[in-house]
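One-letter residues, chain by chain:
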Amino acid sequence: MGDSTDESSNAAQSAQPDTGHDSDEDQGGFFRRIIGAFSPAEEHSEAEDTAERSVPQGAPGLRNLHDMAVEDVAIPKADIVSVPATITKDDLVDVFRDSGMSRLPVYDGTLDTPIGMIHLKDLALRHGFNGKGTAFSLKQMLRPLLFVPPSMPIGVLLQKMQAERRHMALVIDEYGGVDGLVTIEDLIEQVVGEIEDEHDVDDDQLYIRESPGCYLAAAKTPLDEFEQEIGLSLTDAEEVDEEEIDTLGGLVFVLLGRVPVRGEVVEHPSGAMIEVIDADPRRIKRLRVRLPGHTDG
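Residues numbered from 1 in each chain as written. Predicted model: local features only at pLDDT ≥ 70, side-chain atom pairs only at ≥ 80, totals over all residues. Heavy atoms only, no water.

The chain has the name Magnesium and cobalt transporter in an unreviewed UniProt entry, where Roseovarius pacificus is given as its organism. UniProt lists a comment for the chain under the heading Sequence similarities (unreviewed entry), and it reads "Belongs to the UPF0053 family. Hemolysin C subfamily." (UniProt positions renumbered as here; feature names shortened; annotations may be inferred.)

Here it is in structure tokens:
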């Protein structure tokens, strides 16, 4: 096991190199300004230091770049969405569709032997968005992975990602196994706060109806408002104490007794199925709720 880190690194580095021409790979001036603020050569005035100390601990800010380590923000191994090198084209398309990810680690045998990363764009360019095209070869589309220790400051990793044009890194433990995963978005969020993407529910629209009996909802959606929308009580069950729950995310936490992982499906006593669409180790973000009688949709 002790040699697996070197083997993983060599395997990843031998994968198809990143061309560096992707528009979404261009960090540009934004990252340079953040990294410049992190640079040890930067001198802070007394007023700036006072303002920095006044920021509550754990709040977004430049200070987190040197105060936080990779292990503080990484997704744990159990939550990593990855695929084997033997996966078929159709199954790979399904994983991309179901996970909502644009990049997936690829492993040989187990996740402790990663060999690279597959980008959704590379799959689409080679095979088209309908999955057709040339003969499928996953290894020909692999990009190199970045491997980092859990103790690395996130500011150092941000610099490394910017220099090497990498958006994803695997966290390797002392025995050479995979311990977690971190993306460049995870790092930036520690500075500027949570970044919403086009798949997130807007603040002024906490939930949307995707199809009859199926809703996509933010975890912070008030339970009473959502119950009124669906015409079903989610707090009458014996397992649920209505006085302690205000949101959909809180309901899921009470039903499970812990923070769920992405992709986990929770069955409510009413028969409703609640799928965790997005979550990190600290909180639930988005949920899909299928009402009784619509659980197969």
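Continuing now.
Q: Got a minute to help me understand the sheet that holds strand β7 (residues 178–183) in this structure?
A: Sheet strands associate in pairs through backbone hydrogen bonding, adopting either a parallel or an antiparallel arrangement. Taken together, 4 strands build an open sheet; the order of strands is β1-β7-β6-β5 and the sheet is mixed. Edge strands, defined here as strands with exactly one partner in the open sheet, are β1 (75–76) and β5 (146–148). Bridging between β5 and strand β6 (residues 168–172) involves 3 bridges; their strand directions are parallel. Bridging from a neighbouring strand, Phe-147 pairs with Leu-170 of β6. (Pairing = 2+ DSSP bridges. Helix = DSSP H or I, 4+ residues; strand = E, 2+ residues; numbered from the N terminus.)

Q: Teacher, can you tell me more about helix α10 (residues 223–230) here?
A: An α-helix turns once per 3.6 residues; consequently, residues spaced three or four apart project the same way. The set of residues buried in α10 consists of Leu-223, Phe-226, Glu-227 and Ile-230. Looking straight down α10, one finds that the buried residues subtend no more than 100 degrees of arc, so they occupy a single side. Of the residues in α10, the exposed ones pointing more than 90 degrees away from the buried face are Asp-224 and Gln-228. On its buried face, α10 sits against β8 (207–211), β9 (214–218), α11 (248–256) and β12 (284–290). Looking one or two residues beyond α10, the residue adopting positive phi is Gly-231, at roughly 70 degrees. (Buried < 20%, exposed > 50% of the residue type's maximum accessible area, 1.4 Å probe, protein only. Arc of directions from axis to C-beta. Contact = heavy atoms within 4.5 Å.)

Q: Even after reading the chapter, I still don't get the nonpolar core, so can you show me in this structure?
A: With 22 residues, the main nonpolar core has Phe-226, Leu-234, Leu-248, Leu-251 and Leu-287 as its most contacted residues. Elements with a contribution of two residues or more to this core: β9, α10, α11, β11 (273–279) and β12. Val-148, Leu-158, Ala-169 and Ile-188 belong to the second-largest nonpolar core, a separate cluster that totals 17 residues. (Core = buried A, V, L, I, M, F, W, Y, C linked by side-chain atoms within 4.5 Å.)

Q: Teacher, can you tell me more about the side chain of Arg-103 here?
A: As for its placement among the helices and strands, Arg-103 is situated in strand β3 (residues 103–108). Residue Arg-103 is classed as buried on the basis of its relative accessible area of 14%. One polar contact links Arg-103 to Ser-102, side chain to side chain, over a distance of 3.3 Å. Here the side chain of Arg-103 touches His-119 through a polar contact of 3.5 Å, side chain to side chain. (Polar contact = N/O pair within 3.5 Å; in protein donor to acceptor, adjacent residues only side chain to side chain.)

Q: How do you make sense of unusual backbone geometry when you look at a structure like this?
A: Phi is positive for Arg-165, which is not a glycine, with a value near 55 degrees. Assignment of secondary structure puts Arg-165 in the loop between α8 (154–164) and β6.

Q: How should the packing of helix α6 (residues 89–99) against helix α7 (residues 120–127) be read in this particular structure?
A: Contact pair α6 / α7: the axes reach a minimum separation of 11 Å and the direction vectors enclose 135 degrees. Compared by their axis directions, α6 and α7 come out oblique. You can see that α6 and α7 cross each other, and the crossing is left-handed. Counted together, Lys-89, Leu-92, Val-93 and Phe-96 of α6 and Leu-120, Leu-123 and His-127 of α7 form the full contact between these two elements. (Axes fitted to C-alpha atoms, helices over the stretch in contact; angles between N-to-C directions. Parallel < 35°, antiparallel > 145°, perpendicular 65-115°, else oblique. Left-handed = near helix turned anticlockwise from the far one by under 90°.)

Q: Hey, could you run me through a negative patch on the surface in this one?
A: There is a patch of like negative charges on the surface, built from Asp-224, Glu-225, Glu-229 and Asp-246. For Asp-246, the position within the fold is in the loop between α10 and α11. (Patch = residues over 30% accessible without salt bridge, like charges linked within 9 Å, V, L, I, M, F, W, Y side chains within 5 Å. Areas by Shrake-Rupley, 256 points an atom, 1.4 Å probe, with all protein chains shown as cover. Salt bridge = Lys/Arg side-chain N within 4 Å of Asp/Glu carboxyl O. Lys, Arg positive; Asp, Glu negative; His and termini not counted. Charge placed at Lys NZ, Arg CZ, Asp CG, Glu CD.)

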